[in-house]
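These are the residues of each chain, in order.
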Amino acid sequence: MHRKIYISTPNNAVIPIINIVGHHCNLRCAYCFHSDSDQSRKTVLSDNLLSNFIQQYIEMFSTESFVRFIWHGGEPLLAGLDKFNYVIECQNKYLGNRKVSNAIQTNGTLINQSWGQFFKEHYFKVGISIDGPEHIHNMARKFPDGKGSFSATCKGIEVLKESGINFGTIVTVTKYNFNKAKIILDFIAYEVQAKSVGFNFYSSIDKKSRHSISISYNEAYLFLVDAYEWFIANPDSNLEIRELKDFTAAIFGRIGISCNRNGTCGDYISLNYDGSVSACTRLADVWDKAFFGNLKDNNLIDILSSNRRLEFLKVINSSVNNCRECKFFKVCRNGCTYQRIPFGIGKYNYCNTIRQFLKFLSHKLKLIADNNELIHFESKMKIL
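Attention here is on the structure that accompanies the text. (Residues numbered from 1 in each chain as written. Predicted model: local features only at pLDDT ≥ 70, side-chain atom pairs only at ≥ 80, totals over all residues. Heavy atoms only, no water.)

Quick word on the overall build of the protein
- Within the protein one finds 14 helices and twelve strands.
- Taken against the 2.2 N^0.38 rule, which gives 21 Å for 384 residues, the C-alpha radius of gyration of the protein at 20 Å falls within 12% of a compact globule.
- The dimensions of the protein, computed from C-alpha atoms along their principal axes, are 55 × 45 × 45 Å.
- Considering the protein as a whole, with its 384 residues, one finds that 56% of them fall into the buried category.
- Where the 46 positive side-chain charges of the protein centre and where its 35 negative ones centre are 5 Å apart. (Helix = DSSP H or I, 4+ residues; strand = E, 2+ residues; numbered from the N terminus. Rg over C-alpha atoms; globule rule 2.2 N^0.38 Å. Buried < 20%, exposed > 50% of the residue type's maximum accessible area, 1.4 Å probe, protein only. Lys, Arg positive; Asp, Glu negative; His and termini not counted. Charge placed at Lys NZ, Arg CZ, Asp CG, Glu CD.)

Shown next, in the form of structure tokens:
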């Protein structure tokens, strides 16, 4: 019997984020939302579950010419190179004439020449988690022994450069670095030489013990303003800033790329190492409505068309009803589901940040338009 799977992404497919090692990680970052679990315990998705998932996922979207896989953790490289070679083997077995995109988010500390060659050979998109120069990065991103991870991360970055891989970066913004946006962007653009950067604002919604490093609405706003000012002051830079691109695109009536701003939370699923399927692991850890089922018990198509998932979609979509009259609704869409208070059904934690910054950005764009420089700005922002 045909099952209806609710999706709204442009490529008409649910996008999987595969936590191939679960929470397992070689770092102990101060803000990690998995830090309450035993991250030293080695957990890896079995070959059987991995093969079943890849086969079922590709066959489920058999009419599509392009499929995507996002590999996450924990630290996904702890799964080992042999495991990822098996990933490629499984994908090639079931892809047929379809094209595939693999993206991976890593702390970079385990990248060596073998990994660099693998990423290059199989066209992996690589994202590196790095919070700024050494004195900033090492404040939060440490090994279990307390030693900072900056040097190890930079060694991995050098391997990517030597391998000819254009990589992106993710910066987590906390009390340690919220007032250092321009320093961070100088570093990412001119020293790290990444192609892009995205900012994750840290809020200890479910981790009261780490509230001291959370940033306020106004601190997040000031960070975004500094990022915009840096962008304008550095016309020679080719660095793509995810937040500026998303907000500018939305103001111009286009769709942003981030799930927490384009209303596509329900179009992503997360597969954990134990076979559990959810909306995302950090949300499922604190909100049982985000858990859909387990591949050990059901086929993927049954999980994605289940009442549990449909109820989740109904809840998160209804939670934006109070936002629809907001002039910035199409830009924000009530933000990340995980960062809504209460979970999933409340108001986006950084609603005031977004509203304040969008007013600022709209004013700046009007001034740019008045000077007949809007086309140049859109081109530099890479949203044309």
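Some remarks on helix 2 (residues 81-95)
- Here helix 2 spans 21 Å end to end across 15 residues, near enough to the 21 Å set by a 1.5 Å rise per residue.
- Regarding helix 2, the residues found buried are K83, F84, V87, I88, C90, Q91, Y94 and L95. Summarising the axial view, the buried residues of helix 2 lie within an arc of 165 degrees, below the 170-degree limit, and thus occupy one face. Away from the buried face of helix 2 by more than 90 degrees, exposed residues D82, E89, N92 and K93 are located.
- On its buried face, helix 2 is in contact with helix 1 (47-60), strand 2 (66-72), strand 3 (99-106) and helix 3 (113-121).
- The positive-phi residue at the C-terminal boundary of helix 2 is G96, with phi of around 65 degrees. (Expected span 1.5 Å × (residues − 1). Arc of directions from axis to C-beta. Contact = heavy atoms within 4.5 Å.)

Topic: the side chain of S163
- Inspection of the secondary structure assignment puts S163 in the loop between helix 5 (150-162) and strand 5 (168-173).
- Judged by relative accessible area, S163 falls into the buried class, the value being 15%.
- Within the local environment of S163, its side chain forms a polar contact with the backbone oxygen of V159, the two atoms lying 2.9 Å apart. (Polar contact = N/O pair within 3.5 Å; in protein donor to acceptor, adjacent residues only side chain to side chain.)

Observations regarding the pairing of strand 2
- Relative to strand 2, strand 1 (residues 15-19) is paired through three bridges, and the arrangement is parallel. By the bridge assignment, I17 is partnered in strand 2 with I70.
- In the classification by handedness, the crossover that spans strand 1, the intervening helix 1 and the parallel strand 2 is right-handed.
- For the segment spanning strand 2, helix 2 and strand 3, crossover handedness is right-handed. (Pairing = 2+ DSSP bridges. Right-handed = clockwise from strand over helix to strand, strands pointing away.)

Remarks on the packing of aromatic side chains
- Following the criterion strictly, the structure yields 27 aromatic pairs and no others.
- Between F199 and F223 the ring centres are 4.8 Å apart and the planes differ by 80 degrees, which places this aromatic pair in the edge-to-face class. Of this pair, F199 sits in strand 6 (residues 196-201) while F223 sits in helix 7 (residues 217-233), and the two are 24 residues apart along the sequence. No difference in accessibility class separates F199 from F223, as the two residues are buried.
- Consider the rings of Y217 and Y350, whose centres lie 6.1 Å apart with planes at 90 degrees: the pair is edge-to-face. With Y217 in helix 7 and Y350 in the loop between strand 12 (347-348) and helix 13 (351-370), the pair connects residues that are 133 residues apart, well separated along the chain.
- Three or more aromatic residues joined by ring pairs form one cluster here, namely F53, Y57, F61, F69, W71, F84, W115, F118, F119 and F124.
- Above the face of the F178 ring, K175 is positioned so that its terminal group lies 5.8 Å from the ring centre. (Phe/Tyr/Trp six-rings, centres within 6.5 Å; stacked < 30°, edge-to-face > 60°. Lys NZ or Arg CZ within 6 Å of the ring centre and 35° of its normal.)

Comments concerning a positive patch on the surface
- Judged by side-chain charge, K327, K347, R355 and K359 come together as a positively charged surface patch.
- Following the sequence through the fold, K359 ends up in helix 13. (Patch = residues over 30% accessible without salt bridge, like charges linked within 9 Å, V, L, I, M, F, W, Y side chains within 5 Å. Areas by Shrake-Rupley, 256 points an atom, 1.4 Å probe, with all protein chains shown as cover. Salt bridge = Lys/Arg side-chain N within 4 Å of Asp/Glu carboxyl O.)

Observations regarding the sheet that holds strand 2
- Taken in spatial order, the ten strands of this open sheet run 7-6-5-4-3-2-1-8-9-10, and their pairing is mixed. A single partner strand is all that each edge strand has here, and the edge strands are strand 7 (240-241) and strand 10 (291-294).
- Sheet strands touched by helix 1: strand 1, strand 2 and strand 8 (268-272). Its angle to strand 2, the strand with the most contacts, is close to 150 degrees.
- Helix 7 contacts strand 5, strand 6 and strand 7 of the sheet and is inclined by roughly 165 degrees relative to strand 6. (Axes fitted to C-alpha atoms, helices over the stretch in contact; angles between N-to-C directions.)

So, the packing of helix 6 (residues 181-192) against helix 7
- Between helix 6 and helix 7, the least distance of the axes is 9 Å, while the angle of their chain directions is 45 degrees. Relative to helix 7, the element helix 6 is oriented oblique. Crossing of helix 6 against helix 7: the hand is right-handed. Contacts between helix 6 and helix 7 involve A181, K182, I184, L185, D186, A189 and Y190 from the former and F223, D226, A227, E229 and W230 from the latter.
- Looking at the contact of helix 6 with helix 7 residue by residue, the classes come out as eight nonpolar, no polar and four charged. (Parallel < 35°, antiparallel > 145°, perpendicular 65-115°, else oblique. Left-handed = near helix turned anticlockwise from the far one by under 90°. Nonpolar A, V, L, I, M, F, W, Y, C, P; charged D, E, K, R; others polar.)

Some thoughts on the nonpolar core
- Counting residues in hydrophobic clusters, the biggest one holds 102 residues, and the most contacted among them are W71, F84, F119, I188, F199 and F357.
- The leading source of residues in this core is helix 7, at nine residues.
- Formed by eight residues, the second largest nonpolar core is a distinct cluster that contains C25, A140, Y202 and I213. (Core = buried A, V, L, I, M, F, W, Y, C linked by side-chain atoms within 4.5 Å.)

Focus: the side chain of S214
- Among the structural elements, S214 can be located in the loop between strand 6 and helix 7.
- On the accessibility criterion, S214 (7% relative accessible area) is buried.
- Once you skip the residues sitting within four places of it in the chain, S214 turns out to touch K175, Y202, S203, S204 and E219.

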